[in-house]
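# Close look at the chain arrangement
The lines below spell out each chain.
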Amino acid sequence: MAHSPEVLAVILGGGAGTRLFPLTRRRAKPAVPIGGKYRLVDIPISNCIHSGFARICLLTQFNSVSLHRHITRTYKFDDFSGGFVQILAAEQTPRHSDWFQGTADAVRKHMGELRSIGAAHTLVLSGDHLYRMDYRPFLETHLRSGADVTLAVKPVSGADAARFGVVAVDDRGTILHFHEKPSDPSLIARLSTFPDPARPCLASMGVYLFRSEVLYRLLKSDPRPDFGSHILP
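None of these values were measured; they are calculated from a predicted model.

Below, the discussion takes up the overall build of the protein. Within the protein, the secondary structure is distributed over eight helices and ten strands. The burial tally for the protein puts 46% of its 233 residues in the buried class. Counted over contacts in the protein with a minimum sequence separation of 6, partners at least 24 positions apart contribute 70%. Carbon and sulfur atoms make up 53% of the accessible area of the protein, which amounts to about 12,400 Å² in all.

Have a look at this one:
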């Protein structure tokens, strides 16, 4: 399969994973076993590789030894493909001495390494989501629209909207508003822009595709730590 050199996939390793305890007692949530020999992190990595996005960075922090071991043993590309799965762990540097404070902060603290790869677009993913997706049509839509950032969304009911980041869009798919876990019924009603009475809200899947220079500019200009709660709204 031909690999796309214009996209860098950045997979977020997540935090303590308390909702899956005790499965996360000794491992990060993306390292939780699934389907026998697989781990949750294999899902987004597999999606990337089958989409032709074979330059992948995995940002890790919490209980990461098992996750690092799995990545090292599993993903080996030949010398000619240009593909890789690279681990970028939280570290102390002269500029940063604390842990990742959120999803955006994790990317911000490794911005130098990510930027040096030189990809025109950056795909930001969660390492603990269970879904199948071909990212190529997603990239094509992003390029065709000329967008700075494109979000993958899924229709959900108004009752489920409070569990997600919810976007309101116009007829062309341009995002007008983004609210993280809205709880006010009147706000949810205003965000109900999808023409399906049973599922009128568009919930963010946590799949973000940025023009890389826009991403880096946002992270430098806005010091807040989270994509869903801060940067994207």
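From this point, the narrative continues.
Per the counting criterion, the structure on display carries nine salt bridges. Between Asp148 and Arg211 there is a salt bridge, with the nearest N and O atoms lying 2.5 Å from each other. Taken together, the residues Asp148 in the loop between helix H5 (135-145) and strand E7 (149-156) and Arg211 in strand E10 (residues 201-211) connect sequence positions 63 residues apart. On the basis of relative accessibility, which here comes to 35%, the residue Arg211 falls in the partly exposed class. A cluster of three or more residues bridged by salt bridges with shared partners is formed by Asp105, Arg108 and Lys109.

Moving on, we get to the packing of aromatic side chains. Each aromatic ring pair is described using two quantities: the centre-to-centre distance and the angle formed by the ring planes. Within this structure, the stated rule accounts for four aromatic pairs. Here Tyr208 and Phe210 contribute two aromatic rings whose centre-to-centre distance is 6.5 Å and whose plane-to-plane angle is 75°, an arrangement assigned as edge-to-face. For Tyr208, a relative accessible area of 10% translates into the label buried. Taking the relative accessible area as the measure of exposure, Phe210 reaches 0% and is therefore buried.

Looking at Asp148, the relative accessible area reads 35%, which means it is partly exposed. Between the alpha carbons of Asp148 and Ser212 there is a distance of 8.6 Å; along the sequence they are 64 residues apart. When neighbours within four sequence positions are excluded, Asp148 is seen to be in contact with His142, Leu209, Phe210, Arg211 and Val214.

Okay, the pairing of strand E4 (residues 55-60) next. Counting buried positions over the six residues of E4 gives six, a clear majority of the element. Every second residue of E4 is oriented toward a common face, with Arg55, Cys57 and Leu59 on one face and Ile56, Leu58 and Thr60 on the other, all of them buried. With four bridges connecting them, strand E1 (residues 7-12) and E4 associate as parallel partners. Residue pairing for E4: Ile11 is matched across the bridge by Leu58.

The subject of this paragraph is the side chain of Arg39. Tracing the backbone shows Arg39 in strand E3 (residues 38-39). Of the side chains with opposite charge, Asp42 lies nearest to the buried Arg39, which makes no salt bridge, at 6.2 Å. Not counting residues within four places of it along the chain, the set of residues in contact with Arg39 comprises Arg27, Pro30, Ala31, Val32, Pro33, Ile34, Ser66 and His70.

How each quantity is defined
- Residues numbered from 1 in each chain as written.
- Predicted model: local features only at pLDDT ≥ 70, side-chain atom pairs only at ≥ 80, totals over all residues.
- Heavy atoms only, no water.
- Helix = DSSP H or I, 4+ residues; strand = E, 2+ residues; numbered from the N terminus.
- Buried < 20%, exposed > 50% of the residue type's maximum accessible area, 1.4 Å probe, protein only.
- Contact = heavy atoms within 4.5 Å.
- Areas by Shrake-Rupley, 256 points an atom, 1.4 Å probe, with all protein chains shown as cover.
- Salt bridge = Lys/Arg side-chain N within 4 Å of Asp/Glu carboxyl O.
- Phe/Tyr/Trp six-rings, centres within 6.5 Å; stacked < 30°, edge-to-face > 60°.
- Pairing = 2+ DSSP bridges.
- Lys, Arg positive; Asp, Glu negative; His and termini not counted.

Read these as layout, nothing more, since geometry by itself doesn't imply function.
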